[in-house]
Amino acid sequence: GRLDLALDLPLRRLHQTKVRGDYRFINNRVQPVPALPEITEVNGQLAITESSVTAQEIAGKGFGGPVRVQVRSAGDKVAVQATGQASIVEVSKFFGWPLVNHLSGQAGWKAEIGIRKRNADVVVESDLVGVSSPLPDPLNKTANTPLPLRIERTAPDSTREQYRITLGRIGQGLVLRRNDLWERAVLAVGDAEPRLPERGLAVRVATPRIDADAWRNFLPEQTNAGAGSEAPALPLSVVALRTPQLHFMGRDYHQVDLALRPRDDGWQIGLNTREALGDLVWKSAGEGWLEGNLKRLAINPSAAAADTGSSPLDSLPGMNLSVDDLRIGERALGKLELKARNDRGAWVLDNLQLQNPDGRLKGRGVWVHGSRPQTRLDFELTAANLGQLVSRLGYGEVIRRGTARLAGDLQWAGPLTVIHYPSLTGQMSVEAGKGQFNKLEPGVGKLLGLLSLQALPRRLTLDFRDIFSEGLAFDSVDGQLNVRRGIMRTVKPLRIKAPAAEIELAGETDLKAET
């Protein structure tokens, strides 16, 4: 640069010294405020006197866009007004804050800086027109949509800085910096309280609905230092969600109070909702990994039916889960244990156990996903009290007393969540003993209903209430069934032995056509 300086020094009256100077910037680099990036390629003229500093227009570049600055004295302050364009990519590089790296575009901004005794108060405003955000609601935004942003920087003393951020009616934030290091910060969305954490960055959200599945791919696994910052960017320390409705892992939960904290390259989830209570750990590497214990989990059966009719899943995370109290609607199914892993393109179900005082279900299987998915499932259902188990499953008082065992292995071409009947193949066996049917309608023809698909769910739980009348006790029920390409056949006749009768049934049914 070039400085032209004139001094008028009255030797007997030095307090009346006069200063007149002009400094011309020539491609300079200037950093007007600590913790903000330099302005480069600065050109313009600054006029200086003993009581004032003025500049009509100084031009430069900052945050990847043009900057224009005007300077004037106002009392004991120097007032700086600046306007420019900022690239969101450059903003993200410098600060390294989570989520900002997903934004794109550039936007105009204006700033007012008040400087007094080497301390600067800064207000930056932008309508963010030109910046687009792929983040889920409420932070989703098109480039043409205005969203007012206001950032206020104050410095209570020479070692501390405070940044207050307001983003329209969507949220607000507070960032603290001490001794040139980012110390802690909070971003509050919706009606959430902007309460600072002990360290790191806290994100607190309180909105009418939150889609956690949509946010899952945007949560950073780790936070790196900003390219232009002198210190590491703030690590994300906690995400707190409070909402009447949360969509998570494909299901809706209500009256949610949830906290996520970083743990072992993943996230620890404290879940407290009307439907679920417990702690989970989620890791997003690969196909993902979910583990933990839930004290309770209640599933809406209508939601489960809707899931069955939707597009099939193409993958599942590995899991190591336990649920102390699993309920589907009003049905208390008991304690669930599930262990599964992803192995070379296959989701391997190593262990499935569902146990209650009346019975136990065990299973294992393999789902090979990809362009030609294949599923195999082995299972065994045992009933210590068949009557109570059938009642627990929602079929009423169909059978009194009794024990039972249903086992089989099935496989089909398709994902685990949707059975492909034309390729369904396998075998099943059923055994029961020492029970009593509660209903028998006259007519041997009613026995043919045993093999109809419409009654299959009841048959697999040994529900014969549309066949037998009250009071028919049986000593045993046993049979073997074979399934090939969706056709189920009796390998050995289904035998029902009772003190009053012995019944054998043989035949086949098309599971797809229900004939």
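Residue numbering note: each chain is counted from 1, following its sequence as written. This being a predicted model, a pLDDT of at least 70 is required before a residue's local features are given, and a value of 80 or more before pairs of side-chain atoms are given or counted; all residues contribute to the totals for chains, interfaces and linings. With hydrogens and water excluded, all non-hydrogen atoms of the structure serve as input to the side-chain values.

Undergrad: Account for the overall build of the protein chain, naming residues and giving values.
TA: Here a strand is any run of E in DSSP of at least two residues, a helix any run of H or I of at least four, and the numbering for each starts at the N terminus. Tallying secondary structure elements over the protein chain gives five helices and 31 strands in all. Out of the 515 residues in the protein chain, the part that is buried amounts to 39%. Working rule for contacts: check all heavy atoms of both residues, and any pair within 4.5 Å makes them a contact. The long-range fraction of contacts in the protein chain, counting pairs at least 24 apart against all pairs at least 6 apart in sequence, stands at 44%. Surface accessibility in these figures is a Shrake-Rupley result with a 1.4 Å probe; residues are shielded only by whichever protein chains are displayed. Summing over all exposed atoms, the protein chain offers an accessible surface of approximately 28,300 Å²; the carbon and sulfur share of this is 51%. Using a 1.4 Å probe on the protein chains alone, a residue whose accessible area is under 20% of its type maximum counts as buried, one over 50% counts as exposed, and one in between counts as partly exposed.

Undergrad: Now, about a nonpolar patch on the surface: what can you tell me, with residues and values included?
TA: Surface patches are drawn from residues lacking salt bridges whose relative accessible area is over 30%; two like charges belong together within 9 Å, two nonpolar side chains (Val, Leu, Ile, Met, Phe, Trp, Tyr) within 5 Å. Definition used for salt bridges: Asp or Glu carboxyl oxygen within 4 Å of a side-chain nitrogen of Lys or Arg. Taken together, L3, L5, L7, L9, L11 and L14 make up a surface patch of nonpolar side chains, about 670 Å² in accessible area. Locating L11 in the fold gives a position in the loop between β1 (2–8) and β2 (18–30). Look at L11 and you get exposed, because its relative accessible area is 77%.

Undergrad: Can you break down the environment of A82 residue by residue, with the values?
TA: Residue placement: A82 occurs in strand β6 (residues 77–87). Residue class for A82 comes out buried when judged on its relative accessible area of 9%. Between the C-alpha atoms of A82 and E112, which are 30 residues apart in sequence, the distance is 6.5 Å. Ignoring sequence-local partners within four residues, the contact set of A82 consists of R68, V69, W109, K110 and A111.

Undergrad: Quick rundown of the nonpolar core? Include the residues and the values.
TA: Among buried residues, those of type Ala, Val, Leu, Ile, Met, Phe, Trp, Tyr and Cys that are joined through side-chain atoms within 4.5 Å constitute a nonpolar core. In this structure, L241, L246, L258, L297 and L326 are the most contacted members of the largest nonpolar core, which totals 52 residues. Of all the elements, strand β16 (residues 236–248) adds the most residues to this core, at five residues. Setting aside residues no more than four positions away along its own chain, L241 makes contact with V205, I210, L246, V256, D257, L258 and L260. Judged by nonpolar contacts, the second largest core, of 27 residues, contains F379, M428, A432 and F474.

Undergrad: Explain the pairing of β6 to me, using residue names and the numbers behind them.
TA: Any two strands with at least two DSSP bridges between them are considered paired. Two elements, strand β5 (residues 65–74) and β6, share eight bridges in a ladder whose sense is antiparallel. Residue pairing across strands places V67 opposite G84, the latter belonging to β6. The loop that links β5 with its antiparallel partner β6 comprises two residues; one of these, G75, has a positive phi angle of about 65°.

Undergrad: Break down the confidence of the model for the protein chain for me, with residues and values.
TA: Each residue carries a pLDDT value, the predictor's own confidence for that position, ranging from 0 to 100. In the predicted model, the protein chain carries a mean pLDDT of 83, and the fraction of residues at 70 or more is 87%. Averaged pLDDT values over the elements of the protein chain bottom out at 47 in helix α5 (residues 456–460) and peak at 95 in strand β9 (residues 131–132). Ignoring residues within four places in sequence, the model shows residues 222–232, a span with pLDDT below 50, making 26 contacts including any to other chains. pLDDT under 50 marks residues 440–457. Its contacts with residues more than four places away, or in other chains, come to 36 contacts.

Undergrad: Describe the side chain of R204, and please don't skip the residues or the numbers.
TA: Along the chain, R204 falls in strand β14 (residues 200–206). In this view, R204 contacts V186, L187, A188, V189, A192, E193, R195, L196, P197, V238 and A240; residues no more than four positions away in its chain are not counted.

Undergrad: So what's going on with the pattern of salt bridges? Which residues, and what values?
TA: Across all of its chains, the model carries 30 salt bridges by this definition. For K93, the salt bridge identified is with E90, shortest N-O distance 3.7 Å. With K93 and E90 both in helix α1 (residues 88–95) and three residues apart, the pair spans about one turn of that helix. Given a relative accessible area of 31%, E90 falls into the partly exposed group. Because the salt bridges share partners, they merge into one network encompassing R341, D343, R344 and D350.

Undergrad: Describe in detail the packing of aromatic side chains, supporting the description with residues and values.
TA: Think of a pair of aromatic rings as described by two things: how far the centres are apart, and how the planes are tilted against each other in angle. Working definition: rings of Phe, Tyr and Trp (its six-membered ring) pair if their centres are within 6.5 Å, and the pair is stacked with planes under 30 degrees apart, edge-to-face with planes over 60 apart, and tilted otherwise. By the definition in use, this model includes four aromatic pairs. Residues F63 and F94 carry aromatic rings whose centres are separated by 6.3 Å and whose planes lie at 80° to one another, so their mutual orientation is edge-to-face. Pair noted here: F63 is in the loop between β4 (53–62) and β5 and F94 is in helix α1, with a separation of 31 residues, a long-range link. By relative accessible area, which is 11% here, F94 ends up buried. Here W215 and F218 contribute two aromatic rings whose centre-to-centre distance is 6.4 Å and whose plane-to-plane angle is 70°, an arrangement assigned as edge-to-face.

Undergrad: Provide a residue-level description of α1, including the pertinent values.
TA: Here α1 has its buried residues at I88, S92, F94 and F95. The buried side chains of α1 occupy one side of the element, clustering within an arc of 165° when seen end-on. Next to the buried residues of α1 lie β6, β7 (104–116) and β13 (181–190). To obtain the arc, one takes the directions from the helix axis to the C-beta atoms.

Undergrad: Break down unusual backbone geometry for me, citing the residues and quoting the values.
TA: What you tend to see is this: most non-glycine residues have negative phi, and most peptide bonds are trans. Of the consecutive residues D137 and P138, the connecting peptide bond is found in the cis state with omega at 10°. Mapped onto the elements, P138 comes out in the loop between β9 and β10 (149–157). The backbone of E41 sits at a positive phi, close to 50°, despite the residue not being glycine. Tracing the backbone through its elements, the reader meets E41 in strand β3 (residues 39–49). The exposure class assigned to E41 is partly exposed, which follows from its relative accessible area of 43%. The residue D264 is not glycine, and still its phi comes out positive at about 50°. Among the structural elements, D264 can be located in the loop between β17 (251–263) and β18 (266–272).

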